[in-house]
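Residues per chain are reported as follows:
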Amino acid sequence: MPTPAFAISSEALRSPRVLLVDDDPLARLVTGSALQQAGFLVDTVEGGHAALARLRTESFDAVIVDAMMPDLDGFDLCRQVRELPLHEHLPVLMLTGLEDDASISRAYQAGATDFLIKTAHSRLLVGRLQYMLRAAQTRRELVQSQASLARAQRLARMGSCSWFVGRGLPEGFNLSLEGRLVLGLVRTEHPTMHQVLRLIQPSDRRELIRLMRQALWQRQSVRADVGITLRNGQRRVIHLDAEPEISTLVDRVPYTCVIQDFTDRRHAEDRIRRLADFDTLTGLPNRRHILSRGEHALQASRRRGHLMALLLIDLDRFKVINDTLGHTVGDQLLVEVAARLRECVRHVDQVHEGALHTPNPRSHRQLEAVGRLGGDEFVAVLPEIASLQDVRRVAQRILEALRQPFLLVGQECFVTASVGLSVFPGDGETVVDLMRNADLAMYAVKAAGRDGAIAYDPHLSQRALERLELESALHKALERDELVMLYQPTVDASRSRVDSAEALMRWQRDGRLVMPGEFIPVAEDSGLIVSMTEWALRTVARQIARWRRDRGIEMAVSVNMPARMLSRMGLIDFIRSVTEETGVPPTQLRLEITETTLMEDVSQVLEVLAGLRQLGVEISIDDFGTGYSSLVHFTRHPVGELKIDRDFVNGLGIESRSEGVVAAVIAMAKALELKVVAEGVETLEQLRVLQRLGCHRMQGFLFAPALAAEDLAEFHDRLERLPLGPWCALAEPPSVPLPVDPNPQLAR
C-alpha cells in the first residue's frame, strides 16, 4: 500500500515539512524565515503549477498557499491538489488579504483546510499551522483506528449477541464470550437482556428501548451508540448494530447484534470536534464556533421576535504585560480572563444541535456563551434580552470582574477592558453587521480613555468613514508634498536671543492648515507616522543646513519622536545618514520624546537613546510632569533637557501650587545637570515668575508662534540686532506681522 502524501514520519514530527506557494518573493522570504525559526522545514515555489509538480513527486506535511497568484490562483490550486491521489486530506492553509465572506466560503469550497488573513504577526501563522498539523495527526489516528476496528469486525466481530421476538417480547437472549468481555462481565456469566440493559446509562437506555420497540414491530435494524457503566465504575461507549434475520417462523423474529467498544473512537471524535470548535488555550469557543452560535441566536431572535446582542471585549494594554512579563505570563492572563468572563454570562459549553429545533421556547438560550476571537479579543453572545439595559448590566459586570487584580508570577497585575455593544435588529441584520458595529463601539471606548462600555450608535459609522477618508488622504499627502514644517523658537529671555527651535508638522489640505491633533493619531494607528517622521527628520536637517549656509545661523532644532520610531531597527543609522548627507552636525538635531515613551520598553529605549547620544544627538523630554516616569530613569537615560508642560506654566501667577511644582522641576533639573525649557509662556507674569525661579529658556506665544522657516530666520536676526534688556519690549506686536497658526491652542 503506497504511503499517503501527507504521512508524517518520526523525523518529520520533529521538523514538519511545509510547501510555501507565493508569487511574491518578499512574502516567501519573510514567511519562510518565520516558519524556519519555528522549526519547520520549508520548501518554496513561486506559482501554482510549480507546486503541483512538486506535490506529484514529493511528500509534504502541509501546504501554505497565497490566494491570489497570476498563473494559478490559490483556489484553483487547492481544487487540483484535492484531485491528486492520496492528497484529499493534506492540510492546506490559504493566506489571503481578502476578508469578505464570499472569499472565505470560496476557500473552503475549494478544499482549503483553513484560511488566515495576511498579517505581520508570524506567531499567528505558526500557531495556526501547528494547530492544523495536530488536527491532521488526530484525524490520521482516527482513520487508523477505524481501519483496525473494521478488520477486527471482519475477523472477530468484537462481540455478538442474539435473541428472538416472540409474542412481542425478547426471548432466548444469548451473549458471546467476546461480548461478555466487552461489557466487563465474568467469562462464565450468562446475563439476561434485562441485566445487560441495566449496565446502560439511564438516558441512553430509555432511548435504546424506544428504538428497539419501534424496530421489533416493523422488523427493522437497530443501530445506536450507548454509554455503559462497567461494574468497576469505568464508563465506556458501546456501538450496537442489530439486524433481523430471515425466518420462516411467523411468531418468532430472530435478531443478531454486533457490539463494539467505540470509546477510543468517540474520544478521538471529541478531540477533533474540540480542536475545531474550541480555543486550545482558554477552552472557550473559538471564532468559528462562537460566530456560529451568534448566527443561530440571530435566527431564533428573528423567528421569535425578541432582541439579541453581541459584546465585543478587548483587553486594554495587554501588549504591555505580554512584552514586559513574557508570552507565558500573557497566556496565563488570558486563561484567567476567560474564566472570569465565563462567570459573567450564563455560559454553555456544548450546544446540542437537535435541541435548537425542538418546540421548547427556551432552547435557544443554551447558545449564550463567551468565546475568544483571537489574541486579546473576546465576544459574548446574549441570545435573548429584554432591552439595551440588560446588555449594559452584563457589560458592567464584565468590567467590574476584570478590574479585580490578577496574581501573575507572584505579583498583582491590573487589566481593564473596552467593550462594544450591538443589538439585533437595531444595529444590524447579520452577525457580520453586529460584529462590525460592536467593533466600532469598542474603538470609541478606546478613544475615550478605555475601561468602559459603549453601545453602537450610527454616528460611529460616520466617524469611522471620515477617519478612513482622512487616512486615505494622509497616504497621499506625502506623495503630493502637502506636509509643511513650521518652527517655534525657544528664547533665552535673559539675553533676548533665540536659543533653539522646535519643528512642528502641519498638513496643507484643501486650502487649509490641518493641525497635528487631527491627523497625528490617525498616522500613528495606520503606521504612517514612521514615514512622516523620516520626512520630518530629512526636512529639518536640510533646513538647518540652509540656515547655516545662507544666513550663518547655528541653531539646534527639536523633532518630536513617536514611540514607534524608537522601537525600529536602524533609527541611529538613518539619523547618521541624514546628518552626513546634509552636512549638519548631529549636535544641532534634537529629539523630543514623552515620559510615556521613556517608560514603554526601558531596556530597548535605553539602548537606542545611548546610541543617539553617542552620535551627538541630544534627547529632550517633552511635556514633563504629565507622564509616569521615575526619577531613576533620568539617572540611567542619556537625557539632556526637560520641557515643563504648559499646564503647569498656565497656573503661574495664579495658583501657588503651580509655582511650587515648577520650582521643584527646575531644582531637580539643575541637580541632575539638565537644561530646562518652559512651554506655553503667554503672559509677562509667567515670564517674571519663571525668571525669578531660575528658568530663562522659554517657548510660547509671548515670544512667537510657530513660524515658517524664513520668518524664523528673520525673527532670529531681529533679536540679534536688539540691545540686551527686559523682554517687555518684545511683548508688543512686532512691526512686521508674523504668520500665526489659525488655532493657537493646537500650535503645539
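### Examining the overall build of the protein chain
- Secondary structure summary: the protein chain contains 27 helices and 26 strands in total.
- Of all 748 residues assigned to the protein chain, the portion counted as buried reaches 48%.
- The contacts in the protein chain between residues at least 6 apart in sequence include a share of 65% that link residues at least 24 apart.
- Carbon and sulfur atoms provide 52% of the accessible area of the protein chain, an area that totals close to 37100 Å².

### Considering the environment of D481
- Locating D481 in the fold gives a position in the loop between α16 (458-479) and β18 (483-492).
- Accessibility expressed as a relative area gives 58% for D481, which makes it exposed.
- On a C-alpha basis, the gap between D481 and W507 in space is 9.3 Å, while along the polypeptide they are 26 residues apart.

### Side note on the pattern of salt bridges
- The full count for this structure, using the stated rule, is 44 salt bridges.
- Where R403 meets D451, a salt bridge forms, and the shortest distance between an N and an O atom there is 3.0 Å. With a gap of 48 residues between them, R403 in helix α14 (residues 388-403) and D451 in the loop between α15 (431-447) and β17 (452-455) connect regions that are remote in the sequence.
- In this structure R403 comes out as partly exposed when scored by relative accessible area, which is 26%.

### Looking at empty space enclosed by the protein
- Enumeration according to the criterion identifies two cavities of 30 Å³ or more in this entry.
- For the largest cavity, the lining is made up of 20 residues, of which C161, V196, L208, L240 and C257 are closest to its centre.
- When contributions to the lining of the largest cavity are tallied by element, the ones reaching two or more residues are β6 (160-166), β7 (169-175), α8 (193-199), α9 (202-218), β8 (222-229), β9 (235-244) and β10 (252-261).
- Sorting elements by how many residues they give to the lining of the largest cavity places α8 first, with four residues.
- Here the residues of the lining of the largest cavity are counted per class, giving 20 nonpolar, no polar and no charged.

Cut-offs used in this document
Residues numbered from 1 in each chain as written. Predicted model: local features only at pLDDT ≥ 70, side-chain atom pairs only at ≥ 80, totals over all residues. Heavy atoms only, no water. Helix = DSSP H or I, 4+ residues; strand = E, 2+ residues; numbered from the N terminus. Buried < 20%, exposed > 50% of the residue type's maximum accessible area, 1.4 Å probe, protein only. Contact = heavy atoms within 4.5 Å. Areas by Shrake-Rupley, 256 points an atom, 1.4 Å probe, with all protein chains shown as cover. Salt bridge = Lys/Arg side-chain N within 4 Å of Asp/Glu carboxyl O. 1 Å grid on protein atoms, 1.4 Å probe; cavity = no way out; pocket = protein on both sides within 12 Å on 5 of 7 lines; lining within 4 Å. Points joined across faces, edges and corners; volume = space filled by probe spheres on them. Nonpolar A, V, L, I, M, F, W, Y, C, P; charged D, E, K, R; others polar.

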